Structure formats: structure tokens, C-alpha cells
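Coordinates in review
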Amino acid sequence: MEGADWLRTRLTSLHCATCGRSYRDGQIRVRAQRDGLSFVDFVCRACGREANAIVTVVGRGRAARLEVGELAESPPGARSPSLGPADVLAMRRFLRRFNGDFRSLFGADGRAGGRLGA
Ligand SMILES: [Zn+2]
């Protein structure tokens with residue numbers, strides 16, 4: 001299995017389907033690799049469009065080549081927002097007071113009918 005860095009370098013030849021600009025290394029994120037398949041996210045710096053594709057590495061060593069599935073446009077906001085210091089501090093405050101009573105937090109049925117659902 002080729003590494004994520006190797007894969008990202010080769011995927012910079014791909015272009016955004018919306019504006020045609022090529023993706024650069026920092027705009028390509030290899031989400032997961034398993035059994036020769038890689039799941040890759042692309043974010044276009046020029047127009048902000050997000051896409052994803054399944055990439056297959058065929059062959060090994062110098063003969064290795066990529067087969068890239070069709071770039072599927074991701075719905076707006078599909079990427080998870082990153083956590084910041086304020087989120088960590090908020091969780092710290094919460095855990096300091098949390099008594100372990102998940103039932104009152106989420107409700108008896110686990111569907112956030114408790115304090116979180118209010
Ligand atoms: Zn674009």
C-alpha cells in the first residue's frame with residue numbers, strides 16, 4: 001500500500017469540476033485507506049467546492065498507477081467543523097460538573113429528550 005503522501009502528490013493533477021483549477025497538496029485529504037482503496041476528500045481553494053472520490057492503487061513500486069473514481073461533489077457543509085480551544089474548555093467545564101447521569105442528560109429513550117433535548 002502506498003502512503004497518503006505519495007497519493008496526495010499524484011492527485012494534484014486532478015482539477016475542480018466547477019472552476020477547473022487544479023488541486024494542490026493542502027487541498028487533498030486522504031480520509032482512509034484499506035485493501036488498496038483510498039477515500040479522498042478534495043477542497044477547491046479557488047471556489048470552495050468540496051468533492052470526494054475513491055482511488056485505487058493498481059500495481060506496485062514504480063509501476064503503480066492510480067485509478068480515480070468519479071469526483072462526487074460533497075453537499076455544502078459536509079465537512080465536520082474542527083474543534084477549537086473554546087470547545088475543549090466548554091467540555092472541560094461540562095465534565096467538571098457532570099455526575100455521570102446519562103439518563104437525565106439524554107432522556108430515558110436515548111433520543112436527547114433529557115436536558116440536552118430541552
Ligand atoms: Zn473550484
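Residues numbered from 1 in each chain as written. Predicted model: local features only at pLDDT ≥ 70, side-chain atom pairs only at ≥ 80, totals over all residues. Heavy atoms only, no water.

Quick word on the coordination of the zinc ion
The expected angle between donors at a tetrahedral four-coordinate metal is 109.5 degrees. At an octahedral six-coordinate metal it is 90 or 180 degrees. Those protein atoms acting as donors to the zinc ion are C16 (SG), C19 (SG), C44 (SG) and C47 (SG), and they sit at 2.3 to 2.4 Å. With four donor atoms in place around the zinc ion and angles of 100 to 119° between them, the coordination shape is tetrahedral. Within one chain, the residues serving as donors to the zinc ion are arranged as C-x2-C-x24-C-x2-C. Placement of the pair is C19 in the loop between helix 1 (4-11) and strand 1 (28-34) and C47 in the loop between strand 2 (37-43) and strand 3 (50-58), with a sequence separation of 28 residues. The partly exposed category is assigned to C19, whose relative accessible area is 36%. (Donors = N, O, S within 2.8 Å, 3.2 Å for Na, K, Ca; no water. Tetrahedral: all angles 85-135°; square planar, octahedral: opposite > 155°, others 65-115°. Helix = DSSP H or I, 4+ residues; strand = E, 2+ residues; numbered from the N terminus. Buried < 20%, exposed > 50% of the residue type's maximum accessible area, 1.4 Å probe, protein only.)

Concerning the pairing of strand 1
The side chains of a regular strand alternate between the sheet's two faces. Examined bridge by bridge, strand 1 and strand 2 share six bridges and lie antiparallel to one another. Bridge pairing in strand 2 places I28 opposite F42. Here strand 1 hands over to strand 2 after two residues, with D35 in that stretch at a positive phi of 50°. (Pairing = 2+ DSSP bridges.)

Remarks on helix 1
Along helix 1, the residues that are buried comprise W6, L7, R8 and L11. In this fold, the buried residues of helix 1 make contact with strand 1, strand 2, strand 3 and strand 4 (65-68). (Contact = heavy atoms within 4.5 Å.)

Looking at the packing of aromatic side chains
This model, assessed by the stated rule, comprises three aromatic pairs. Arranged with centres 4.9 Å apart and planes meeting at 45°, the rings of Y23 and F42 form a pair that is tilted. With Y23 in the loop between helix 1 and strand 1 and F42 in strand 2, this pair connects stretches of sequence that are 19 residues apart. For Y23, a relative accessible area of 3% translates into the label buried. Residue F42 is classed as buried on the basis of its relative accessible area, which comes to 0%. Arranged with centres 5.1 Å apart and planes meeting at 20°, the rings of F94 and F98 form a pair that is stacked. For F94, a relative accessible area of 29% puts it in the partly exposed group. Clustering of aromatic rings is evident, with ring pairs tying together F94, F98 and F102. (Phe/Tyr/Trp six-rings, centres within 6.5 Å; stacked < 30°, edge-to-face > 60°.)

Section: the pairing of strand 4
Bridge count for strand 3 against strand 4 is four bridges, and the pairing is antiparallel. Across the sheet, V55 pairs through a bridge with V68, a residue of strand 4. Hairpin connection of strand 3 to strand 4: six residues between the antiparallel strands, including G59 at a positive phi of 85°.

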